[in-house]
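Fold and contact review
Listed below are the residues making up each chain.
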Amino acid sequence: MDKTINVTLKIWRQKGPKVKGAFETYKLDNISTDSSFLEMLDILNEQLVSKGQEPVVFDHDCREGICGACSLYINGHPHGPDDSVTTCQLHMRRFKDGETITIEPWRSAGFPVIRDLMVDRQAFEKIMQSGGYVSVNTGGVPDANAIGISKIDADEAMDSASCIGCGACVAACKNGSAMLFVSAKVSQLALLPQGRIEAARRAKAMVARMDELGFGNCTNTGACEAECPKNVSITNIARLNREFISAKLKD
Amino acid sequence: MWIFNSSIGRKLIMSLSGLFLISFLIVHLSANLALLAGTGGAATPAEIPYNVVCHFMDTNPFIMVMVPVLALGFLVHIVYAFILTAQNRKARGNDRYASSSKTNISWASKNMFILGIIVLGFLCLHLIHFWAKMQLQHFIGGTPDANAYQLAVDLFTNPVYVVIYIVWIWALWFHLTHGFWSAFQSMGLNNYNWMPRWKALGSVLATLIAIGFTIIPLFFMFGLNQ
């Protein structure tokens, strides 16, 4: 027999972007500790629907921690109290019987609430569009071994590339800064020879877009790194600063 | 100009001005250490070691040129602290989290602005007590206090002032433990290898500065100068 717990949920409900929201409290009984956090919300929504009420809106997609769709600020942590996992990988065994769980949307001027717990994260796409790519000419596929890349750089680029763009960094930051995201996206290319060609233009364009979209100034608190489900390091931020400053000094 | 209208540029201003102010702290502490020599068996106030140092500081052309530069450094650092804090509050949005953040980060890094305000408040008091009677007089054509050493003795034998002074210095310690490595991070001079080095160097530097400034008032309060 599964162990089950009873929980009280304090969930942010907001009908639309311009409507004033408020917390609603729900009691949920007999939740298996083996169920995931999102399954627990599914159970809540089924109960709400059967009572003829509006279900709670939240983002989710792959439910295996790789797509970056899920969000939720749970009891003072983006993606909940577990380390190095997304909300979809969080399980109810992390909570105690009778616990009150507060669930809020990401809070940042750059991520306005669409409805309930769902926020608009298009700002990240806009930053990517401004320069988070490599331009290549079409033609024959080049030999993968034609360009030598050191193991250290390849590993570090891969670590940067593990960013799934969920926005937990912005949600955790007291300054609403998107520097961890932008620096990971700049680093994953800046570390590789193919990405060096457009490196200066990329750093300038992506930082300009980030500032324009209303994200804050990084003060190196490290909250982003502590809450990142993919453990992206703030050394990426130092690299972005370096790339940006040297690009501007060359102009 | 990118340095003023990009987020990284503004952080660069903050880091460069901050490091400049740290260099000033080191010079200031070095000069203050002369206080620990006491009267040094001097026959006249002008021969007291600390007064000799003050006289040197007040007449040295390099120092005289650097005083307005230093004032500018303070002004830039303070003005940008207000600008950045206001912008960052705005970036956080109008709706705040109801549950307080449980993210495990250093206390100082979250409270740099508050710590800065505390340091600034005591700094104003300090300027009124010492600098206004000493170096400022050279700039406004007045007569500086001939016995700055006695000024220090008078204030540092007052336990209330000593407590205030020490609280001030340790608020500064918190500010520096985050500020020092953070400045190098903002300049882009950081990576996996240098992160622990900058942090360790920052902690050592902050601690040496704070201990140095703490010993001096205690030295006078406990009458060790006699």
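Look above for the structure.
Of all hydrophobic cores here, the largest spans 90 residues; its most connected members are Phe124, Val182 and Phe215 of chain A together with Phe156 of chain B. For this core, the leading source of residues is helix H9 (residues 159-186) of chain B, giving twelve residues. The contact partners of phenylalanine 124 of chain A, leaving out residues within four places of it in the chain, are Phe111, Gly165, Gly167, Cys169, Val170, Ala178, Phe181 and Phe215 of chain A. Within the second largest apolar cluster, 26 residues are counted, among which are Trp12, Tyr26, Ile31 and Phe37 of chain A.

Turning to the side chain of asparagine 241 of chain A, a few remarks are in order. Structurally, asparagine 241 of chain A can be placed in helix H9 (residues 235-250). Exposure remark for asparagine 241 of chain A: the relative accessible area of 4% places this residue in the buried category. For asparagine 241 of chain A, the side chain forms a polar contact with the main-chain oxygen of glutamine 185 of chain B, separated by 2.9 Å. When sequence neighbours within four positions are dropped, the list of residues in contact with asparagine 241 of chain A reads Met179 of chain A together with Ile8, Gln185, Ser186, Met187 and Gly188 of chain B.

The next point concerns the packing of aromatic side chains. What the rule picks out here adds up to 25 aromatic pairs over all chains. An angle of 90° between the planes, with centres 5.1 Å apart, marks the rings of phenylalanine 82 of chain B and phenylalanine 113 of chain B as edge-to-face. Taken together, the residues span a long stretch of sequence, with phenylalanine 82 of chain B in helix H4 (residues 61-91) and phenylalanine 113 of chain B in helix H6 (residues 112-129) at a distance of 31 residues. Overall, phenylalanine 113 of chain B belongs to the partly exposed group, its relative accessible area being 27%. Of note, lysine 10 of chain A hangs over the ring of phenylalanine 23 of chain A, and the distance from its end group to the ring centre comes to 4.9 Å. One cation-aromatic arrangement involves arginine 197 of chain B over tryptophan 194 of chain B; the distance from NZ or CZ to the ring centre is 4.8 Å.

Turning next to the interface of chain B and chain A. Of the residues lining the interface, 40 residues belong to chain B; the matching set on chain A comes to 49 residues. In terms of surface lost to chain A, no three residues of chain B exceed Trp2, Ile8 and Tyr97 of chain B, which account for 19% of the buried area on that side. On the surface where chain B and chain A come into contact, there are zero salt bridges. Our count for the chain B to chain A interface comes out at 24 residue pairs in polar contact (both at pLDDT 80 or more). With six residues, helix H2 (residues 7-32) of chain B is the single largest residue contributor to the side of chain B that touches chain A. Counted by class, the side of chain B that touches chain A contains twelve nonpolar, 20 polar and eight charged residues.

Its 14 residues give helix H7 (residues 199-212) of chain A an end-to-end C-alpha distance of 20 Å, which sits within 8% of 20 Å, the value for a rise of 1.5 Å per residue. Residues of H7 of chain A that are buried: Ala199, Arg202, Ala203, Met206, Val207, Met210 and Asp211 of chain A. In an axial view of H7 of chain A, the angular spread of the buried residues amounts to 150°, which keeps them on one side of the axis. Structurally, H7 of chain A contributes buried residues whose contacts are with helix H2 (122-131), helix H5 (179-190), helix H6 (193-196) and H9 of chain A together with helix H1 (2-5) and H2 of chain B. Positive backbone phi, approximately 90°, marks glycine 214 of chain A, located one or two places after H7 of chain A.

It is worth spelling out a nonpolar patch on the surface at this point. On the surface, a cluster of nonpolar side chains totalling about 300 Å² of accessible area is made up of Leu33, Leu36, Ile211 and Ile215 of chain B. Examined against the element boundaries, isoleucine 215 of chain B turns out to sit in helix H10 (residues 194-221).

Once that is clear, we can look at the pairing of strand S5 (residues 100-104) of chain A. All names here are of chain A. Among the five residues that make up S5, four are buried, leaving the element largely enclosed by the rest of the structure. As judged from the four bridges shared by strand S1 (residues 4-13) and S5, these two strands associate in the parallel manner. Among the inter-strand pairings, isoleucine 11 is bridged to a residue of S5, identified as isoleucine 103.

Residue and element names in this part refer to chain B. Note on placement: leucine 189 falls in the loop between H9 and H10. Note: C-alpha distance between leucine 189 and alanine 148 (41 residues apart in sequence) is 41 Å. Not counting chain neighbours up to four residues away, the residues in contact with leucine 189 comprise Phe184 and Trp198.

A few words on the environment of isoleucine 43 of chain A. All names here are of chain A. By the element assignment, isoleucine 43 lies in helix H1 (residues 37-50). Counting along the chain gives 136 residues from isoleucine 43 to methionine 179, while the straight-line C-alpha distance between them is 36 Å. Setting aside residues up to four positions removed in sequence, isoleucine 43 forms contacts with Leu28 and Ile31.

The rules we used
Residues numbered from 1 in each chain as written. Chains lettered and ligands numbered in written order. Predicted model: local features only at pLDDT ≥ 70, side-chain atom pairs only at ≥ 80, totals over all residues. Heavy atoms only, no water. Core = buried A, V, L, I, M, F, W, Y, C linked by side-chain atoms within 4.5 Å. Buried < 20%, exposed > 50% of the residue type's maximum accessible area, 1.4 Å probe, protein only. Helix = DSSP H or I, 4+ residues; strand = E, 2+ residues; numbered from the N terminus. Contact = heavy atoms within 4.5 Å. Polar contact = N/O pair within 3.5 Å; in protein donor to acceptor, adjacent residues only side chain to side chain. Phe/Tyr/Trp six-rings, centres within 6.5 Å; stacked < 30°, edge-to-face > 60°. Lys NZ or Arg CZ within 6 Å of the ring centre and 35° of its normal. Buried area = accessible area lost by both parts, 1.4 Å probe. Salt bridge = Lys/Arg side-chain N within 4 Å of Asp/Glu carboxyl O. Nonpolar A, V, L, I, M, F, W, Y, C, P; charged D, E, K, R; others polar. Expected span 1.5 Å × (residues − 1). Arc of directions from axis to C-beta. Patch = residues over 30% accessible without salt bridge, like charges linked within 9 Å, V, L, I, M, F, W, Y side chains within 5 Å. Areas by Shrake-Rupley, 256 points an atom, 1.4 Å probe, with all protein chains shown as cover. Pairing = 2+ DSSP bridges.

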